[in-house]
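# Observations on chain architecture
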Amino acid sequence: MYLDDERLYLLLDRYLAGEASSTDAAAVQEWLAQDSDHPRLLDDLRLIRRAAAGRAPNSSTDGAWAKAVDALRVAPQPRVSRRLLRAALAAAAVVIALIGGSALLRRAPQWREFATTAAQRMVVRLPDGTQVTIAPRSRVRYAADYGTHRDLYLDGEAYFQVAHDARRPLRVHTAASLTEDLGTAFAIRAYADQVATEVVVAEGRVALRRADTAASGPALLLGARDLGRLEQDGGATVRRGVDVARQLAWTRGVLSFDGTPLGEVVRTLERWYDVEIRVADSALAARRLTATFQNESIDLVLQRIALTVGLRVERADGSVILLRNGR
């Protein structure tokens, strides 16, 4: 799907303001999945909007402040959306910094980021004592005022063991969802190439909402051993009594699949083994796999999948191709 640049810019603005429809939110999700740089652009726009929302200091620079705010609202011209979107953000940031001095720079959040590459996991402890286990090819960020607001931003997959604070609930934002801690340990899976966001609760409760409705929208309440799934179109489902140990096996370096479509399995293997895998056709990608892998080479993993699902493995041009038997 292609969004003309004017619509894209206005769409992102509505999305961050919590005013996007479910259809528009799905369009944003598709745009985010098109390029690994798009989530960063959205984060930058969110940060600049936050700084611009503050009142300008009383000075002769009020006009410059207005120009900075306008830079966030002017739609780019056709065919150059990413370049001009970057330019608008950069220009607004520079003007805000120049006219606001140190006071405005303090008001604009500074980010702390933890990111993993393919085949890498990371465990970090946040300032409030919350522990986060980050899956491969994932990123967790928080602003300098985290101690006040406890807002985290996730691209990918992570498991949160939350240091509970009833006065300051922890909230995890993804491109499509907002998950709020109600006394909890939970995992979120929200890669840009997924069609849905998944949240599994190990302990306590969480409230799961669409990102474009923010705190005002209806919440899906999840308890221990619940798996909530939030579709791009806003639809939500809950599975009760899931095997939490299997769902969280990845935090121990174990890959566990339970009736998982092969297309989804392949995306997980690519992240964990840093290998490119192609599936020959959609029917093959829909076949389901139940298996567990621990400390096995990618070659052995693929051999086991081939025997279980009934396919053959070929290598070409540095990538792996999964084909039906007999083709």
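See the structure printed just above.
Residues numbered from 1 in each chain as written. Predicted model: local features only at pLDDT ≥ 70, side-chain atom pairs only at ≥ 80, totals over all residues. Heavy atoms only, no water.

## So, the pattern of salt bridges
- Enumeration over the complete set of coordinates arrives at 19 salt bridges.
- The partner of Asp128 in a salt bridge is Arg150, with the nearest N and O atoms 2.5 Å apart. Of this pair, Asp128 sits in the loop between β2 (122-125) and β3 (131-134) while Arg150 sits in the loop between α6 (146-149) and β5 (151-161), and the two are 22 residues apart along the sequence.
- Through salt bridges with shared partners, a single network forms among Glu113, Arg139 and Asp155. (Salt bridge = Lys/Arg side-chain N within 4 Å of Asp/Glu carboxyl O. Helix = DSSP H or I, 4+ residues; strand = E, 2+ residues; numbered from the N terminus.)

## A word on the sheet that holds strand β15 (residues 277-279)
- Overall, mixed pairing links the three strands, which are arranged β15-β18-β17 in an open sheet. Unpaired on one side and paired on the other, β15 and β17 (311-316) mark the two borders of the sheet. Ignoring which end each strand starts from, the neighbouring axes of this sheet average 25° apart.
- Across the face of the sheet, helix α8 (residues 262-273) comes into contact with β15, β17 and β18 (319-324) while running at roughly 170° to β15.
- Contacting β15, β17 and β18, helix α10 (residues 298-309) runs over the sheet at an angle of about 145° to β17. (Pairing = 2+ DSSP bridges. Axes fitted to C-alpha atoms, helices over the stretch in contact; angles between N-to-C directions. Contact = heavy atoms within 4.5 Å.)

## Concerning the nonpolar core
- Counting 33 residues, the largest nonpolar core has Ile305 and Leu322 as its most contacted members.
- Looking at this core, the elements that each hand over two or more residues are β8 (185-190), β14 (254-261), α8, β16 (288-294), α10 and β18.
- Broken down by element, the residue count for this core peaks at six residues, all from α10.
- Discounting chain neighbours no more than four positions away, the residues touching Leu322 are Leu262, Val266, Ile277, Arg278, Val279, Ala280, Leu284, Leu302, Leu311, Arg312 and Val313.
- Val124, Ile188, Ala190 and Leu230 belong to the second largest nonpolar core, which has 25 residues in total. (Core = buried A, V, L, I, M, F, W, Y, C linked by side-chain atoms within 4.5 Å. Buried < 20%, exposed > 50% of the residue type's maximum accessible area, 1.4 Å probe, protein only.)

Any functional reading would require information beyond the geometric quantities listed.
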